[in-house]
Structure formats: structure tokens, C-alpha cells
Amino acid sequence: MMLFLPFILYLYLLAPCYWAFICQNTGPPSEFRMDWDYTIAGFFRLRSYSTTEKPRPEVDICDRAASVDSHGYHLLQAMRFAIEKINNSSSLLLNVTLGYEIYNTCSVSANMYATLSILAQSRQHHVEVLSNFTHYQPKAVALIGPDSSQFILITAAILSILLMPEISYEASNEVLSLKHAYPSFLHTIPSDRLQVEAVVLLLKEFRWNWIAMVDSDDAFGRNGIKTLQAVVAKNDICAAYQGIIPTKGGASSPELKEMVRVLTRTGVKVTVVFSNVDSAKDFSDMVVQENVTEKVYIPGIHRIGTVIGLSVKQAKLPGLEEFESTHVNSEKSNIATTPDIWTSFNVYSAVFAVAHGMHHLLGCCSGACSKDKVHPWQLLEKIKQVNFTLQKSQVHFDGSGDPLTGYDLVIWKWTGQTWSFDVIGSFRQNPNRLNIGQAGLLWHTKDNQVPVSTCSKVCVKGEKRLQVGLHECCFDCVACPTRTFLNSSGQHNGPNLFIGACTAAQVVMCLVLLSTNPSVPRKDYTTFMMLIIFQCSEDDAIGGLLYNTLLGICCFVISYMGKDLSENYNETKCITCSLLINFVCFIGFLTTYVFYQGKYLVAIIVLSNLTTLSGIFGGYFLLKGYIILFRAEVNTTEHFQMSIQSYTTKRSLD
């Protein structure tokens, strides 16, 4: 059913796009196309399009007179550079030459047009509707791009019908990692989930627990902030403000101006921004106009405050800048020849991933490639298995199509109107860890001190928290009542020490009994008149039985003593109930063991043990599981401490 909806969408849009194929002169320029043995498609945003209203559903014509988008142009050249490197390689795809076909995906309709174009067979302008695409051979064997999650969600759904490999270099929406919906999608940039986890580690590193969140009004911004909200809530970080950057009006929008002023009044020093490029620029321009100083933006805004960002691991591409400079003609003379090294490597590694998949699919490891027909679904399986090193970086994917890579932690440096990056740390996954060199950080504060972004100051000894308002991060520090104290360091260690000591004592006792009184075979003449039972002696079982009985009684007494604790945090009732079930089962077993020695004795022992374990599980662990799964708000250190403090205050007043 997940594939049925995009298939209907594909049929619905096929008619107007078919008209566009035939009637519109939208063929890609010769510079953006090279035909060889196998074609790899590339979707990049190169120019803008006219936003005038159309009387019928036509494909938007990308404006050839508009200035070229330098970012998209650099990425296009990175793809061409990678294909040239592969075609000239002496170890990858021997006797095979890769071609490419580049499309300018300047709008949603242009993106749809490009998607259907690469699905058409060679020299055809339509896509056949088949019940089985196993042997279908489209024009392209794989797709690199597009850039935005908005376009990707459409393209990935349609390409999944043919299982055509699609590797995006910028789309990071974690929804795309759901393989049941997008089985042929991969990306060389980590998902938003990993980025959020890195941001939270950064916030915790500097003890920033009072933040603002700003996002763009699109899928990337909304999903990013939604994921961030879920993660920060589990890490004792509170959001004082959350705003959405308006899509209309640009940097002069009154709504945007009011949003920045409200953000300023919150008093937070750290703002986390999840936004597309255009909205982020509008937001940064407004922050500059409002002169909002002494703040930290993650990722951020130039000229105002400290700007920290996360970037995919940096890997330089020797020769790319020279390659670009030779292809910049007079039409593109206004494009700087300094490429975006981070995103360019994402494109570069995506192309090499396709090439390595082709290398294994065509049997090139034996020396010569077969040049057989390549069906997209066959190539997809090989790409999922690639694992190679590229410019000292490892390229491979996990089961969700996500790259197993990390981030560089970078800080923006501005000199006049130009900027540069300094790498100040890194983030690694499995396990997640953050390394920061704080010596290179420049804070826009007095004496270059780390900004403090907390709602309340930490309480000192002799004080307790009294929550103010809805946020757990906001509280007043009040003096503890007389004859009370708050043990915030070792209050959870007592039960662990007790269990450890009891377990150690039981192990020592068992070892002593086994060494001094080992079990020996003996003959039993008394149990049955007509049988002689040959069995091991059970003298050592008396000591274990006595120990377990004393341990159970001790636990019961201790738990019963705590039955009057706070109702909000009281585990002793559950423990007492479990121990009562244990005693009942033990008494039943002991009675049966003494008076019955028949063939069902073993079954009775097993049943007694299972009943005991079921009582402990149902009376204690089942309730714990319910709290963890459905009452997460009470499963926090703050809730525990508040419950104990309330109980202590009540007892002192009594």
C-alpha cells in the first residue's frame, strides 16, 4: 500500500509531463550530457524559474537568463569531476566508460519532469506502465540528488517502484531512512536524527539547558525541530521559545521582525536553527538589523555572536578547483571557482558508490567488465554492500541507507564581507561522542567566557529546588527544612551495594559447602518399598535453603518499613507484594517436598519456581515497564528528588 500512492501520483502527472516531453524545448545543454556505456543522472538546482501563473499544468521552464546558482554549479562540476576520475581509473570499471545526464531541478514540476525523463527508456519520451519492472531498463542506472527533502520525497517514492538507486548529497530527513516507504534511497549526508544527537551533546558539553528553537516552514525545518524536541526532553534541556521563519516577505517581513524581538526578550543565549538556506538568510539578516548580540547560534549567523555549525566530515578533493576553472566560460564568469568542499565531497562519494556497485555487478574484479545489461534493482543491491576508502574517508551505508560517518564541528570566522571555517572538534557515532578543542573558540562575551544559557542557577548545599512555571529547568532555590538533607550523589547506590554484598555472600557460601561437603551418590531404600533409588546427597541444600529464607525475611522487613513513603515514589509496596508471593510459593513447595516424593516432584518444583518468578515480574518489573513506556515524565531524576523533598517536608511538619 505504501507504493500504491506514489504510483497513482506518477500516473496522474504522466499526461502533462508527456506533453512537456514533446512540445517543450527543455533538452539539457550539451555541457550537461555525455552518452557512454552507462548513464548516471544528476539533479541539481542551477537556475531559478518564472513564478507566473499558468492556465494549465505545464512544467516550469527554468530561466536560462537568470544568474547561475553557484552552489548547484559547484556540485554539478563535482559529479563531472568524479566521473572523469572513474573513467580514467586503472582499477575501477576497466573497459567501461560512464556517462551522465544533468537536470536543472529548479521547481517541483521540473523535478517531476526530470524524474520521469530518467525513467524513460533510451531514445523514448514516455514511461511504460507495466505490472512487472524486473526487466525494464530505463535511461539511467542511478540518480545522484536532488538536494532538498521536498523534492526527494516525490522522487524517492516514484523511483522505488523500479528500485532505482537514488543517492542524495544534501537531503537529511530521517523519514527517508524508512525502507518500507523508500527502499531504493540512500544518502551520503547523515540523517537529521544523528545531527540532533550531535547538537544535544554540544549543548550538554557547555551546560546550555535554556535554549530557543527556530525552524523554516518546510519539511526539513519541521521534522528537524520535532526530533530535537523529543531528544532534548530526555536530556533535561528546556526550550524557552520556538519560532517558525515566515516564508513571505523575506528579511523585511513584519512577522519575522516580531519573531526576533520575542526571541530577544526570552533572555536565552543559545538558539538552535533548523532551516533551509533561503529562510536562514532572511533570519540572519533580521538578527543583524535588530543588533542581537552576545548569543550563540547553532548553526548560525555571521557578524552577530558566535556561530557554531555541524558539517559532514571534511575531505579535500585535489584537482577539483582546477577542473572547475577550465569549465567556467564567459556565461558563468560571475561564479567563484572555490567549491563547497563539504557538499562537493558528498556528491563525489555518491558517484563513486555507484561506480563501485557497478564494478561488482559487472564482474570487473576478474580483470575485465562484462558490459551486460544493468537493471536498477540489481545495482541497488550492490551499492548497499559497498565499503571503500575515498580520500581517507570510509564510504559505506547501514541497513537504512544512512552513511556511517560523523560530523566536523566548525566555527564561522568573518573578515569583512568574507568568511571561512575553522574545525574545532568532531562528532563520532557508535557510540556517540563529541570532541571539542575549546582553545580555538571565540565567544562574543566579556573576557571571552563561555556564555551562560540557563533558566536558573544551580542550587548550593543546604538548598533544594522549587519548580517555577512549566519548565523543569526553571526553579527557585529554597533552604532545606530543619533536620533534613538532600542526598543527590549516592541515593541510588544503597540497593546496589546491598544486592552485590548478598550475591557475593551466597557465592562464597556455595563454594565453601561444595569444597567441604561435596555431593556424593547414595542409595535410598525408604522412599519406595519395591525400588532402590540411586541419587546424589542433598545435605548442602539445607544451607542454601536457610540462606534464601533469611534473605527473603530480611528484604520483607526492610520493604515493610518503607511502606509509608511518598505515594509519588514508593517502590516498597511492589517489593512487599512480590515477596509475599514468593513466601506463599515457597511454603507450598516446602510442604509438597516434605510429604510427597512421587514422579511429579520435578514438575512441582518447576511450577513453584515459575510462579515465584511470575509474581516478581508482575508485582515489580511489569509496573516498572509501564512507567518507562507510558509515564516517562515521572521517570526523571527531578521527579524523584521532588517526591523525596515533598515527603521530607511533610514529615518534618508532622
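Residues numbered from 1 in each chain as written. Predicted model: local features only at pLDDT ≥ 70, side-chain atom pairs only at ≥ 80, totals over all residues. Heavy atoms only, no water.

Peer 1: Give me the lowdown on the packing of aromatic side chains, citing residues and values where you can.
Peer 2: Summed over all chains, the structure comprises 9 aromatic pairs. Here the aromatic rings of Phe 44 and Tyr 169 are separated by 5.4 Å at their centres, their planes lie at 20°, and the arrangement is stacked. You can see Phe 44 sitting in strand S2 (residues 38-44) and its partner Tyr 169 sitting in the loop between strand S5 (166-168) and strand S6 (185-187), a full 125 residues away along the chain. Accessibility assignment for this pair places Phe 44 and Tyr 169 in one class, buried. With 4.8 Å between their ring centres and 40° between their planes, Tyr 348 and Phe 352 make a pair best called tilted. (Phe/Tyr/Trp six-rings, centres within 6.5 Å; stacked < 30°, edge-to-face > 60°. Helix = DSSP H or I, 4+ residues; strand = E, 2+ residues; numbered from the N terminus. Buried < 20%, exposed > 50% of the residue type's maximum accessible area, 1.4 Å probe, protein only.)

Peer 1: An account of the state of the cysteines is requested, with residue identities and associated values reported.
Peer 2: Following the criterion strictly, the structure yields 4 disulfides and no others. A sulfur-sulfur distance of 1.9 Å marks the disulfide that ties Cys 364 to Cys 369. Taking the sign of the S-S torsion, 125° for the link of Cys 364 and Cys 369, the bridge is right-handed. We classify Cys 364 as buried; its relative accessible area is 5%. Here Cys 455 is linked by a disulfide to Cys 474, with a sulfur-sulfur distance of 1.9 Å. Residues Cys 455 and Cys 474 are joined through a disulfide that is right-handed, its torsion about the S-S bond being 110°. One end of the pair, Cys 455, is in the loop between strand S16 (433-436) and strand S17 (463-467); the other, Cys 474, is in the loop between S17 and strand S18 (475-479), with 19 residues separating them in the sequence. (Disulfide = S-S within 2.5 Å.)

Peer 1: Which residues make up the packing of helix H7 (residues 254-265) against helix H8 (residues 277-289), and what values do they have?
Peer 2: One way to put it is that H7 packs onto H8 with a least axis distance of 10 Å and a crossing angle of 60°. Taken as a pair, H7 and H8 cross one another with a handedness that is right-handed. Residues Leu 256, Lys 257, Met 259, Val 260 and Leu 263 of H7 form the contact with H8, whose participating residues are Asp 282, Phe 283, Met 286 and Val 287. (Axes fitted to C-alpha atoms, helices over the stretch in contact; angles between N-to-C directions. Left-handed = near helix turned anticlockwise from the far one by under 90°. Contact = heavy atoms within 4.5 Å.)

Peer 1: So, the sheet that holds strand S3 (residues 98-104): which residues are in play, and what are the values?
Peer 2: With respect to topology, 6 strands assemble into an open sheet ordered S1-S3-S2-S4-S5-S6, the strand pairing being mixed. Among the strands making up the open sheet, the edge pair consists of strand S1 (33-34) and S6. Two strands pair when backbone bridges link them, and S1 and S3 are joined in this way by 2 bridges, in the antiparallel orientation. Looking at the pairing, Met 34 lines up with Tyr 100 of S3. On the sheet, helix H2 (residues 70-87) packs against S1, S2, S3 and strand S4 (142-144) and is oriented at approximately 170° with respect to S3. (Pairing = 2+ DSSP bridges.)

Peer 1: Tell me about the pairing of strand S7 (residues 210-216), and please be specific about residues and values.
Peer 2: For S7, a buried count of 7 out of 7 residues is recorded, marking the element as mostly surrounded by other parts of the structure. With burial as the criterion, each face of S7 is covered, one bearing Trp 210, Ala 212, Val 214 and Ser 216 and the other bearing Ile 211, Met 213 and Asp 215. Bridge count between S7 and strand S8 (residues 238-245): 7 bridges; the pairing is parallel. Bridge pairing links Ile 211 to Ala 239 in S8. Tracing the backbone out of S7, into helix H6 (residues 219-233) and back to the parallel element S8 gives a crossover that is right-handed. As paired elements, S7 and strand S9 (residues 270-274) share 4 bridges and run parallel to each other. Pairing of Val 214 across the sheet is with Val 273, part of S9. (Right-handed = clockwise from strand over helix to strand, strands pointing away.)

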